[in-house]
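Tertiary structure, described
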Amino acid sequence: MTGSYFTYGQAEQFKSETPYLPFIYAFKGLIRILLTRSEEKIIQWKKDLIESLGNDLEIVISHIPEIEMITGKISINQQEIKSEHINLSSAFKKLFSIFTKEDQPLTIFLDDIQWIDNASLNLIKALFKSQEIKNLFVIAAYKDESEGENIAEIIQKEINSYGVQVSNIHLGLLAPSDINQFLSDTFNCSLDKSKELALILAKKTNSNIFFISEFLKTLHKEKIIFFNPETGWKWDLEQINNKQITDNVISLMLEKLLKLPPQTQYLLKIAACIGYKFTLELLSTVYDKGPEETFMDLCEAFNEELIIMTEDGNQFIDEKVHSAIYELFNETERRIFHYRIGKIMLSQIQEKDLSEKIFDIVEQLNFSPSLFAQEKEKYELANLNLTAALRSKELDIYDNSLNYLKIAKSLLPENSWEKEYELTYSINMEKIELEFPDLQYLAIEDTLSFILNKAKNQKEKSKVLKLKVQLYIKRNEMYKAFETGKEILALYEINLPSSKFILQPGLLIEIIRGKYNIEIKEIDSLNNLPQIKNSEQEILLSNLMFIAIATFYCNKEQFKLLILKIINISLKYGNSHYSAYAYISYAQILCS
């Protein structure tokens, strides 16, 4: 099919908290293919990308810069981006919609999904659940090394429930006849000539094709297999049969490594700390030499095919090879290099790009928290983990966000409330908000009371008190929620009248305000009110709504007063999603 496309993305063992990594790799590869197509096609894709992604385009470009080669520089209002919740999963679904059409199906191969990140896992499910995305063929490969149900089985169960057909192909060991066919093709000889060699290789390599390939290279290098210009390829079966060989391919690759020059071995260890994929620029900076000298010291590793060049830079030949080389460092050495790599990455990044590179930086620095000896450094790492947590939260990856917050809190010294108040408050509040659904009630209540005693201003105190209101509502303790709500209102100098004689005039004033505000607007225009831009008033609306929910069960008259207050604030400052609750409640009040 001439209009079809194929792309490839891979999950990485040590980057399982980097969201959407295999999809980012896959789209990078796809864009490079698209750039080879006609100018007419590229112009159409540019139009589709700009129209479909809208304000999401800039955030997508920050993850997949290659897209800018199609769209060109796009200027988008930063305020609009900041004011909207960033949903990268939704943006990826839009990308798939653009590149999967009836005359343009897309095949995506996702490799090593046993290490897939949660965000990518949820995106796979969402793609197959979507009714809009068609003409997509996904191939997922994984190594089944887990006990019990593996990740592929979990995905398959859910996808099957959507009515999507899933096929399984189990790749077992190669049969001797398969190896013989491979050798016959490789050496351009008859099957009879290569048959005995195939049997020996099958026995020595346990029929692992990667192991076979590496063993053949070793035999060729040692001239046990050689090419005769007159008679073709020759081999000595007795020497091959007597050849001592390690029991697995990784040991064979490590044997190759140990024969390399010391500087090449050292460089490979640094590269392994950077990751499965790495750039020459970063490697040379950590190595403290120029790119040319670093490349020359790395050449032997390329020659031995321990690493290969890719369009993105360089990578290890196999994830297991990467892991094995990484394990050659002792724990102390690893921590030192992760620390250096993270510090270099941080020094090279511009502040405006930090949120997009934060996961890679924090991943490196979190390997070595013990090396952050100075208090100032601990605060810096805590702040970076907070940034990573907020970024994960923006992307709806709450498990990752909570992990970063736990690390951030563990880095805070005992006197952090006095020395770094804002950072400490933010870490504690973000953490308790994410833990809210799962923590024991008493633990939450005690933690919130502790934070409330530390909180300094109206906004911070009201945020803590609102969580307490939500906690009491969840526990069905409406009177406690109501009383706590009154504490919030007192912060805003709003007092709920306790006496009916005082309450009735208050209600009357709010009704008059409401009628006046509504009369100067058409009822039908309420839906067209602008979005509220005053952040303080929006926080107040949020607080009023939760207090109103509790008040409904405690005092109906005060409930009416709170609903009218929400409506009047909305009419004056603009709608928020809290306004809808008030409009519906007001309609019920009028009906009753």
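Here we summarise the structure given alongside this text. (Residues numbered from 1 in each chain as written. Predicted model: local features only at pLDDT ≥ 70, side-chain atom pairs only at ≥ 80, totals over all residues. Heavy atoms only, no water.)

1. Quick word on the overall build of the protein
Quick reminder of the rule: What counts as a helix is a DSSP run of H or I of at least four residues, what counts as a strand is a run of E of at least two, and both are numbered from the N terminus. Working definition: with a 1.4 Å probe on protein chains only, accessible area under 20% of the residue-type maximum means buried, over 50% means exposed, and in between means partly exposed. The accessible surface values rely on the Shrake-Rupley method and a 1.4 Å probe; as for residues, cover is taken only from the protein chains in view.
A tally of helices and strands in the protein yields 30 helices and 8 strands. Every one of the 592 residues in the protein was classed for burial, and the buried ones make up 48%. When the accessible surface of the protein is summed, it comes to about 31,300 Å², and 52% of that surface belongs to carbon and sulfur atoms.

2. Thoughts on the sheet that holds strand β7 (residues 307–310)
Note the cut-off: Any two strands with at least two DSSP bridges between them are considered paired. In what follows, a contact means two residues having at least one pair of non-hydrogen atoms within 4.5 Å. To define axes, lines are fitted to C-alpha atoms, for helices over the stretch in contact only, and angles between the resulting N-to-C directions are given on a 0 to 180 degree scale.
Spatially, 3 strands are ordered β6-β8-β7 in an open sheet, and the strand pairing comes out antiparallel. Each edge of the open sheet is held by one strand with a lone partner, namely β6 (277–278) and β7. In this structure, β7 lies alongside strand β8 (residues 313–316), joined through 4 bridges in antiparallel fashion. Bridging from a neighbouring strand, Thr310 pairs with Gly313 of β8. Across the sheet, helix α16 (residues 291–303) lies against β6, β7 and β8, angled at about 110° from β7, the strand it touches most.

3. Quick word on the packing of helix α3 (residues 56–63) against helix α6 (residues 88–99)
Formally: An angle counts as roughly parallel when it lies under 35 degrees, as roughly antiparallel when it exceeds 145, as roughly perpendicular when it falls between 65 and 115, and as oblique in every other case. Basically, the charged four are Asp, Glu, Lys and Arg, the nonpolar ten are Ala, Val, Leu, Ile, Met, Phe, Trp, Tyr, Cys and Pro, and anything else, Gly included, counts as polar.
At their nearest, the axes of α3 and α6 sit 10 Å apart, and the two run at 90° to each other. Considering their axes alone, α3 and α6 lie roughly perpendicular with respect to each other. Residues Asp56, Ile59, Val60 and His63 of α3 lie in contact with α6, whose contacting residues are Leu88, Ala91, Lys94 and Leu95. Here the contact of α3 with α6 is built from residues that sort into 5 nonpolar, 1 polar and 2 charged.

4. A few points about the packing of helix α9 (residues 176–187) against helix α10 (residues 191–205)
To be explicit about the condition: Handedness of a helix crossing follows the sense of rotation of the near helix relative to the far helix, less than a right angle counterclockwise being left-handed and clockwise being right-handed.
Interhelical geometry of α9 versus α10 gives an angle of 125° and a closest axis separation of 8 Å. Taken together, the axes of α9 and α10 lie oblique to each other. In the crossing of α9 with α10, the sense of the turn from one axis to the other is right-handed. Residue-level inspection shows Pro176, Ile179, Asn180, Gln181, Leu183, Ser184 and Phe187 of α9 in contact with α10, the latter providing Leu191, Ser194, Lys195, Leu197, Ala198, Leu199, Leu201 and Ala202. Its residues placed into classes, the contact of α9 with α10 shows 10 nonpolar, 4 polar and 1 charged.

5. A closer look at the environment of Lys203
As for its position among the elements, Lys203 is in helix α10. Overall, the relative accessible area of 73% leaves Lys203 in the exposed class. Separated by 27 residues in sequence, Lys203 and Pro176 place their C-alpha atoms 9.0 Å apart.

6. Some words on the packing of aromatic side chains
Stated precisely, the cut-off is as follows: Note on aromatic pairs: the rings of Phe, Tyr and Trp (six-membered ring only in Trp) are paired at centre separations within 6.5 Å, and the planes decide the class, stacked below 30 degrees, edge-to-face beyond 60, tilted for the rest. By the criterion adopted, a ring carries a charge over it if an Arg CZ or a Lys NZ lies within 6 Å of its centre and within 35 degrees of its normal.
Applying the stated criterion across every chain yields a total of 25 aromatic pairs. Ring pairs connect the aromatic residues Tyr5, Tyr20, Phe23, Phe27, Trp45, Phe92, Phe96 and Phe99, which therefore count as one cluster. Here the basic side chain of Lys277 rests over the ring of Tyr25, its NZ or CZ set 3.7 Å away from the ring centre. The positively charged end of Lys456 is found above the aromatic ring belonging to Tyr421, 4.3 Å away from the centroid.

7. Comments concerning the side chain of Asp112
Tracing the sequence through the fold places Asp112 in the loop between β2 (106–111) and α7 (118–129). What Asp112 contacts, discounting residues up to four positions off in sequence, is Gln10, Ala11, Ala141, Lys143 and Glu319.

8. A few points about helix α19 (residues 354–365)
Think of an α-helix as turning once every 3.6 residues; residues three or four places apart then point the same way. Under the convention used in this document: By this rule the span expected of a helix is its residue count minus one, scaled by 1.5 Å.
Given a rise of 1.5 Å per residue, 12 residues ought to cover 16 Å, yet the end C-alpha atoms of α19 are separated by just 14 Å, more than 12% below that figure. Counting buried residues in α19 gives 9 out of 12 residues, a clear majority hidden from the surface. Considered for burial, the residues of α19 that qualify are Leu354, Glu356, Ile358, Phe359, Ile361, Val362, Glu363, Gln364 and Leu365.

9. Examining a nonpolar patch on the surface
Applicable threshold: Two distance rules govern patches: like charges are joined within 9 Å, and nonpolar side chains (Val, Leu, Ile, Met, Phe, Trp, Tyr) within 5 Å, applied only to residues with over 30% relative accessible area and no salt bridge. Salt-bridge detection follows one rule: a side-chain nitrogen of Lys or Arg within 4 Å of a carboxyl oxygen of Asp or Glu.
On the surface, Phe6, Tyr8, Phe137 and Ile139 cluster together into a nonpolar patch covering about 380 Å² of accessible area. At the level of elements, β1 (5–10) and β3 (136–140) are the ones that each hand at least two residues to the nonpolar patch. As for its placement among the helices and strands, Phe137 is situated in strand β3.

10. Structural notes on the sheet that holds β3
What the 3 strands build is an open sheet, ordered β1-β2-β3; its pairing is parallel. Here the strands that pair on one side only, and so sit at the sheet edges, are β1 and β3. Taken over all neighbouring pairs, the strand axes of this sheet differ in orientation by 20° on average, direction set aside.

11. As for unusual backbone geometry
Even without a glycine there, the phi angle at Ser207 is positive, about 60°. Here Ser207 is to be found in the loop between α10 and α11 (209–221). Here Asn476, not a glycine, exhibits a phi torsion of approximately 60°, which is positive. Tracing the chain through its elements places Asn476 in the loop between α25 (458–474) and α26 (478–491).

12. So, the pattern of salt bridges
Going through the model one piece at a time under the given rule, you end up with 31 salt bridges. With a closest N to O distance of 3.2 Å, Glu214 and Lys217 form a salt bridge. With a gap of 3 residues between them, Glu214 and Lys217 both fall in helix α11, about one helical turn apart. Here the residues in one salt-bridge network are Glu214, Lys217, Lys221, Lys256, Glu304 and Glu305, joined through shared partners.

13. Re the nonpolar core
Heads up, the rule is: To define a nonpolar core, start from buried Ala, Val, Leu, Ile, Met, Phe, Trp, Tyr and Cys residues and group those joined through side-chain atoms within 4.5 Å.
Among the nonpolar cores identified, the biggest contains 102 residues, and Phe92, Leu95, Phe99, Leu268 and Phe316 are the most heavily contacted of them. Leave out the neighbours within four places in its chain, and Leu95 touches Phe27, Leu49, Leu53, Val60, Ile64 and Ile67.

14. Side note on the side chain of His63
Here is the rule: Polar contacts, as counted here, are pairs of nitrogen or oxygen atoms within 3.5 Å of one another; within protein the pair requires one atom able to donate a hydrogen and one able to accept it, and residues that are adjacent in sequence qualify only if both atoms are side-chain atoms.
As for its placement among the helices and strands, His63 is situated in helix α3. Among the polar contacts listed, one links the side chain of His63 to the backbone oxygen of Ile59, at a separation of 3.0 Å.

15. Some thoughts on the environment of Met545
Among the secondary structure elements, Met545 is positioned in helix α28 (residues 535–551). Sequence-wise, Met545 and Phe559 are 14 residues apart; in three dimensions their C-alpha atoms are separated by 9.9 Å. Leave out the neighbours within four places in its chain, and Met545 touches Ile566, Tyr578 and Tyr581.

16. Some words on the pairing of strand β5 (residues 232–235)
Put simply, side chains in a regular strand alternate between the two faces of the sheet. Here strand β4 (residues 225–228) pairs with β5 via 4 bridges, running antiparallel. Paired with Phe227 across the bridge in β5 is Trp233.

17. Focus: the pairing of β8
Bridge analysis of β6 against β8 gives 2 bridges, and the strand direction is antiparallel. Paired with Phe278 across the strands is Asn314, a residue of β8. In sequence, β7 turns back onto β8 through a hairpin of 2 residues.

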